[in-house]
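Architecture and fold: a report
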Amino acid sequence: MGNSWRWSLILGMVCMVLGMGLSQQIRLVSLLNNTTRVQQGRILTFLVTRTVEQNQILENQVTNLRTRIHTLPPSRVTPAAEKLAVADRMAGLTSVVGPGVEVTLHDATKPSYPGEPPIYQLVHDQYVLHVVALLSAAGATAISIDGQRYVSTTSIFCAGPTIRINGINYGSPYVVLAVGPPQALLTALADDPDVQGWSQLVSISYRAENHLKVMGYRGQVQFNDARPAKI
Amino acid sequence: MWIVVVGLLAGIVIGLAFPIIVPLAFAQYLSIALLAALDTVFGGARAGLEGKFVPATFVTGLLTNAVLAGLLTYIGNKLGVPLYYAALFAFGYRIFQNLGTIRHLLVDRWIKSRSKLHQSSL
């Protein structure tokens, strides 16, 4: 009796150790899973913080350069500044105001037809490109898409479910603002067969505005390969 | 039998309530030691059903299996040979074999008890 009692006690203790090991292992594994997720979050946070810091550094550089320009003698600065102001406006680097139209392209909100491919429900890059080209051809002098000014280096390209404009991804809805003769712009949109067709699939709406503000281009302008040609 | 359940539950509660968790470096050894222990547990259950359960054999088997499995994994890591997988395979195989035997024994016992019931009712 004494012997078997002792053995069952040992058995119980061994089982206790086993249970401890089991629960510890389960806790460890769940901890491991959590830490990887936390680490991913940390990496993303780090990337964002670093980008914000870099932005700050670049903005400081800009401010420094501006103050340096102010310290230069006006006789040297003024003619250049005047030329630059004109060039800035032509290049789309300054914000402009005026009458124009606002075009909104929205992914389809209606339920899809039976057998309709989902790809028909999305606003595609060529829709936006076409609208921009139409407005430009109809006499718009300043165009922006989702706040990105349309300039000489602007690209509008498909990036999965989003559209990359000036290197930044945007999702539906896409708001195109164009400063120009409102009636001509509206007619160009209304008469275009492509816009008419796409309006059946996705939502495309446009209206004239008396007072539109189109932001200037704020991204980088770098011509690494293109150099001015000698005339 | 009850002491097994009580011990296991107590261990789980202690392990959950313990303020610290086993260091990360031990995770692999702990897992293989646990597998070895589980193998012994199933072996013990089978021996119990066969009426051949000896506590001393069970306890020593459990401890030596767990320790040796951890040790082999450690040596394998040092040698660059994944002995971990060998242990994983061996213990996993044995667990399933023991499970099969346990099932056989239980089904046999059930059938016997039913036939006995049938005879007594006749």
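Now for a quick tour of the structure. Owing to the predicted nature of the structure, the values given are computational and were not obtained by experimental measurement. (Residues numbered from 1 in each chain as written. Chains lettered and ligands numbered in written order. Predicted model: local features only at pLDDT ≥ 70, side-chain atom pairs only at ≥ 80, totals over all residues.)

Some details on the overall build of chain B
Looking only at helices and strands, one finds four helices and zero strands in chain B. When the helices and strands of chain B are placed in sequence order, the string is α-α-α-α. Expressed as a percentage of its 122 residues, the buried residues of chain B come to 24%. Relative to all contacts within chain B whose residues are 6 or more apart in sequence, the contacts with residues 24 or more apart total 70%. (Helix = DSSP H or I, 4+ residues; strand = E, 2+ residues; numbered from the N terminus. Buried ≥ 20, exposed ≤ 12 C-beta atoms within 10 Å, placed from the backbone. Contact = placed C-beta atoms within 7 Å.)

What to know about the overall build of chain A
A tally of regular secondary structure across chain A gives five helices and eight strands. Reading the secondary structure of chain A in the N-to-C direction produces α-α-β-α-β-β-β-β-β-β-α-α-β. Split into buried and exposed, the 231 residues of chain A put 23% on the buried side. In chain A, the proportion of contacts linking residues at least 24 apart, taken out of those at least 6 apart, comes to 76%.

Quick look at the interface of chain A and chain B
Listed per partner, the contact involves 21 residues of chain A and 25 residues of chain B. For the side of chain A that touches chain B, a count of residues per class yields 13 nonpolar, seven polar and one charged. (Nonpolar A, V, L, I, M, F, W, Y, C, P; charged D, E, K, R; others polar.)

Things to note about the nonpolar core
Membership of the largest hydrophobic core comes to 34 residues, with the highest contact counts inside it found for Val128, Leu135, Ile143 and Val176 of chain A. For this core, the secondary structure elements donating two or more residues are strand S1 (96-106), helix H3 (125-137), strand S2 (142-145), strand S5 (162-165), strand S7 (174-179), helix H4 (182-191), helix H5 (193-201) and strand S8 (203-214) of chain A. With six residues, H3 of chain A is the single largest residue contributor to this core. Those residues in contact with Val176 of chain A that lie beyond four places of it in its chain are Val103, Val128, Val131, Val132, Leu135, Ile143 and Ile145 of chain A. The next biggest cluster of nonpolar side chains, apart from the first, holds 23 residues, and it includes Val14, Leu18 and Met20 of chain A together with Ile12 of chain B. (Core = buried A, V, L, I, M, F, W, Y, C linked by C-beta atoms within 7 Å.)

Examining the sheet that holds S7 of chain A
Residue and element names in this part refer to chain A. Ordered in space as S3-S2-S7-S1-S8, the five strands form an open sheet in which the pairing is antiparallel. Looking at strand neighbours, the two that pair on one side only are strand S3 (148-149) and S8, the edges of this open sheet. Across two bridges, the pairing between S2 and S3 is antiparallel. Paired with Ser144 across the bridge in S3 is Arg149. Lying over the sheet, H3 contacts S1, S2 and S7, oriented at roughly 10 degrees with respect to S7. (Pairing = 2+ DSSP bridges. Axes fitted to C-alpha atoms, helices over the stretch in contact; angles between N-to-C directions.)

Some thoughts on the packing of helix H3 (residues 55-79) of chain B against helix H4 (residues 83-121) of chain B
Residues and elements named next belong to chain B. Interaxial distance between H3 and H4 falls to 7 Å at its minimum, and their mutual angle equals 150 degrees. In terms of their interaxial angle, H3 and H4 are classed as roughly antiparallel. Here Ala69, Leu72, Thr73, Ile75 and Gly76 of H3 come into contact with H4, specifically with Leu83, Tyr84 and Ala87. Of the residues assigned to the contact of H3 with H4, the class counts are six nonpolar, two polar and no charged. (Parallel < 35°, antiparallel > 145°, perpendicular 65-115°, else oblique.)

Regarding the sheet that holds S5 of chain A
Residues and elements named next belong to chain A. Within the open sheet, the three strands sit side by side as S4-S5-S6. Their pairing is antiparallel. Each of the sheet's edge strands pairs with one partner strand only, and the pair in question is strand S4 (156-159) and strand S6 (168-170). The sheet shows a mean angle of 35 degrees between the axes of neighbouring strands, taken without regard to direction. Of the strand pairs in this sheet, S4 and S5 are connected by four bridges, and their pairing is antiparallel. Paired with Ile156 across the strands is Ile165, a residue of S5. Packing of H3 onto the sheet brings it into contact with S4 and S5, and relative to S4 it is tilted by some 165 degrees.

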